[in-house]
Amino acid sequence: MVEVSVTAEVAEKLRALPESSAISMRLKSDQYFDAIQGMIDRFAIKKDLEVVYVTSTIPSQSIINALEVLEIPMEHIWFVDCISQIMMSQEKRHPHAIIVESPTMLENIMLKVEFLLRRVPDRNALVVLDSINSLAIHNNTKILSEFLHILVNNLRSRGAYTVIFSMQEYETEEIRNMLVLVSDETIELGAYSGS
Amino acid sequence: MPTKEHADGERERCVTGIDAIDHILNGGIPRGNTVLISGSVGTGKTSICIEFLIRGAINGENSLYLSVTEPTDKLLQNVIPFDFFDDRLARQGKLQFLDLPKMYEKLGIDKEDLDFDQTRLLADTIASLVEEQKIKRLVLDSVTSVCYRIREQERIRDFLLRLGTVLSAKGCTTLLVSEIRSSEEGYSQWGVEEALADGVIVTGNLERRGDLLRTLQIVKMRGTTHSRAKYVLDLTTSGVLLVPLLKGGSVAGGG
Ligand SMILES: Nc1ncnc2c1ncn2[C@@H]1O[C@H](COP(=O)(O)OP(=O)(O)OP(=O)(O)O)[C@@H](O)[C@H]1O
Ligand SMILES: [Mg+2]
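What this report covers is the structure whose coordinates are included nearby. (Residues numbered from 1 in each chain as written. Chains lettered and ligands numbered in written order. Predicted model: local features only at pLDDT ≥ 70, side-chain atom pairs only at ≥ 80, totals over all residues. Heavy atoms only, no water.)

**Some points on the sheet that holds strand β4 (residues 97-99) of chain A**
All names here are of chain A. Put simply, the rule is: A pair of strands counts as paired when DSSP detects no fewer than two bridges linking them. Numbering of helices and strands runs from the N terminus; a helix is a DSSP stretch of H or I covering at least four residues, while a strand is a stretch of E covering at least two. Geometry is summarised by axes, namely lines fitted to C-alpha atoms with helices restricted to the contacting stretch, and by angles between N-to-C directions that run from 0 to 180 degrees. Should any heavy atoms of two residues lie within 4.5 Å, those residues are considered in contact.
Taken in spatial order, the seven strands of this open sheet run β4-β3-β2-β5-β6-β1-β7, and their pairing is parallel. Two strands bound the open sheet, and with one partner strand each, they are β4 and β7 (185-188). Between one strand and the next, the sheet's axes are offset by a mean angle of 20°, whatever the strand orientation. Where helix α3 (residues 60-69) meets the sheet, it contacts β2 (50-55), β3 (77-81), β4 and β5 (125-130), and its direction lies at approximately 155° from that of β3.

The following block contains the structure:
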């Protein structure tokens, strides 16, 4: 089955990489949820990593719902949500979701990641940036490159994995250049495309 | 009196315990410095000062908060609940809170304006308190309100010099909160404060394309090299966190 393959492929490729790796994950839209499943369920949970998931693409609650359907335990999974500020009231927020007012507040994204990682100094971590394309809608290339550079270096020095999602349909030349500059590895899930 | 020096001439540091600030200052505030924490309303001045004191107390340094504007019993309810705060610090006397109005009362200062003698009496009283209690970290929140009552620039100068000399001699590192308007030039109401202080840390708001960011910048610090860059600040339950302000080649000024 195609879905199983994407999930397994993501997990397998991530497992092959050392700690401190910064990884570009180039996805097609229809591989999105499978990639998340492979990365979190088959990679992060197996390796007992603390997960900090930064979303500027879809509300954290949608991802949480998907994880709950898969019965993935939420204990070590945290969200920095940059797009739910307007839509969600305080009471409805998942206790593991921290809100950043807007995807343009890149410094606040870094601060929330820092806050979450500081609470678990002894655990190794996976930080996911979902996605570079949606951040690029709200930020110019210069500031976004600067952000990625500082964030990735900081995470690397902590020994954390950084995974940056890039949706292939929305990639531009600028985005591709940025990814090359900032990441050590590129995982491309082209092999199972289409069908 | 000369401040303690290491063999290599490097001054001994007061490690604030606020990691990002210690990092920017290459190890902390040179011990005995008097530092102005200057900023407009609600920018985090009190929170930074409280964290500085709690971290010091945890580290075994006697810490004292002198409050002028807010009654100290309300104080902790109005700042972010730090998860490293421990009631025992207060019970053991490591962390003390004192209302300055109560001190005025004890000293028989009842008039709105302090005259020359009363100003000296106030400085000496604070100084001897620091001496007797072996206070290593002191916060005066705010120095602006005290200066309002001293009024005369010359007397303010005398007060700050007198106090600063004793504090520095005793190795007491001090944060003086300075309230300014965001539109104002300089970092203090009278200008004397920033001229006499050994350091100036500025907190503020920065508007960038409709987003309001809290910022912090270390403008001056005698006795150490330091970054003068602007940082973005977050007040969290695990303390004050800072990251560099992104420039991105497109920041529309302001501060
Ligand atoms: N319990 C709390 N939880 C979260 N944030 C809080 C809490 N209490 C205060 N804050 C934040 O801290 C800010 C005020 O910080 P603080 O009192 O340190 O600033 P300040 O510069 O001393 O203000 P002032 O000019 O009023 O003295 C508030 O605007 C609020 O955003
Ligand atoms: Mg205050």
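**Overview of the site of ligand 1**
Residue and element names in this part refer to chain B. Going by this rule: Being near a molecule or strand, for a residue, comes down to having at least one heavy atom within 4 Å of it. Each polar contact in these results corresponds to two N or O atoms within 3.5 Å; when the atoms are within protein, one needs to be able to donate a hydrogen and the other to accept it, and residues that are neighboring in sequence are counted only if both atoms are side-chain atoms. Accessible surface is estimated by sampling points in the Shrake-Rupley manner with a 1.4 Å probe; for residues, cover comes only from the protein chains shown.
Near ligand 1 you find 13 residues, and of these Gly44, Lys45, Thr46, Ser47 and Arg214 are the closest. The separation between an oxygen atom of ligand 1 and a polar main-chain atom of Gly44 is 3.0 Å. With the chains in place, 61% of the 650 Å² that ligand 1 exposes on its own is no longer accessible. With three residues, the top contributor of residues to the shell around ligand 1 is helix α2 (residues 45-58).

**Some thoughts on the interface of chain A and chain B**
Reports of interface size often rely on the accessible area that becomes lost once the parts have come together. Applied cut-off: The quantity reported as buried area is the accessible area (1.4 Å probe) lost by two parts once they are put together, taken as the sum for both. Salt bridge, as used here, is a side-chain nitrogen of Lys or Arg placed within 4 Å of a carboxyl oxygen of Asp or Glu.
Each side of the interface is counted separately: chain A has 19 residues, and chain B has 22 residues. Around 1800 Å² of area is buried between chain A and chain B when both sides are counted, 59% of it from carbon and sulfur atoms. When the buried area of chain A at its contact with chain B is split by residue, Glu107(A), Leu111(A) and Arg118(A) rank highest and sum to 34% of it. Our count for the contact surface shared by chain A and chain B stands at three salt bridges. Asp19(B) is the partner of Arg118(A) in a salt bridge, and the nearest nitrogen-oxygen pair spans 2.9 Å. Elements with a contribution of two residues or more to the side of chain A that touches chain B: α4 (106-118) and α6 (141-158) of chain A. Looking at the side of chain A that touches chain B element by element, the count peaks at nine residues for α4(A).

**Some remarks on the side chain of Gln31(A)**
All names here are of chain A. Going by this rule: Categorising residues by exposure relies on relative accessible area from a 1.4 Å probe, with only protein chains included: less than 20% of the type maximum marks a residue as buried, more than 50% marks it as exposed, and the intermediate range marks it as partly exposed.
When you line up the elements, Gln31 lands in the loop between β1 (22-27) and α2 (32-44). The exposure class assigned to Gln31 is buried, which follows from its relative accessible area of 2%. There is a polar contact of 2.4 Å between the side chain of Gln31 and the backbone oxygen of Leu189.

**Notes on the side chain of Asp81(A)**
Under the convention used in this document: Under the convention used here, Asp and Glu are negative, Lys and Arg are positive, and both His and the chain ends fall outside the count.
Within the secondary structure layout, Asp81(A) lies in strand β3. Buried within the structure, Asp81(A) lacks any salt-bridge partner; Arg93(A) is the closest side chain of opposite charge, at an N-O distance of 7.4 Å.

**Some points on α6(A)**
All names here are of chain A. Which entries qualify depends on this criterion: The span you would expect from a helix comes to 1.5 Å times its residue count less one. This arc corresponds to the set of directions leading from the helix axis out to the C-beta atoms.
Helix length check: α6 (18 residues) gives 26 Å between terminal C-alpha atoms against 26 Å at 1.5 Å per residue, within 8%. Looking at α6, one finds that the buried residues are Ile143, Leu144, Phe147, Leu148, Leu151, Val152 and Leu155. What you see down the axis of α6 is that its buried residues fit within an arc of 150°, all on one side. Exposed side of α6, more than 90 degrees from the buried face: Lys142 and Ser157 are the residues found there. The N-capping residue of α6, defined by a side-chain oxygen 3.1 Å from the backbone nitrogen of Lys142, is Asn140.

**Quick word on the nonpolar core**
Inclusion rule: Among buried residues, those of type Ala, Val, Leu, Ile, Met, Phe, Trp, Tyr and Cys that are joined through side-chain atoms within 4.5 Å constitute a nonpolar core.
Of all hydrophobic cores here, the largest spans 42 residues; its most connected members are Ile109(A), Val113(A), Leu129(A), Ile132(A), Phe147(A), Leu148(A) and Ile164(A). Mapped by element, the contributors of at least two residues to this core are β2, β3, α4, β5, α5 (132-138), α6 and α7 (173-182) of chain A together with β11 (239-244) of chain B. When residues in this core are grouped by element, the largest group, eight residues, is from α4(A). When residues no more than four places from it in sequence are discounted, the contact partners of Ile109(A) are Val54(A), Cys82(A), Val100(A), Leu135(A) and Phe147(A).

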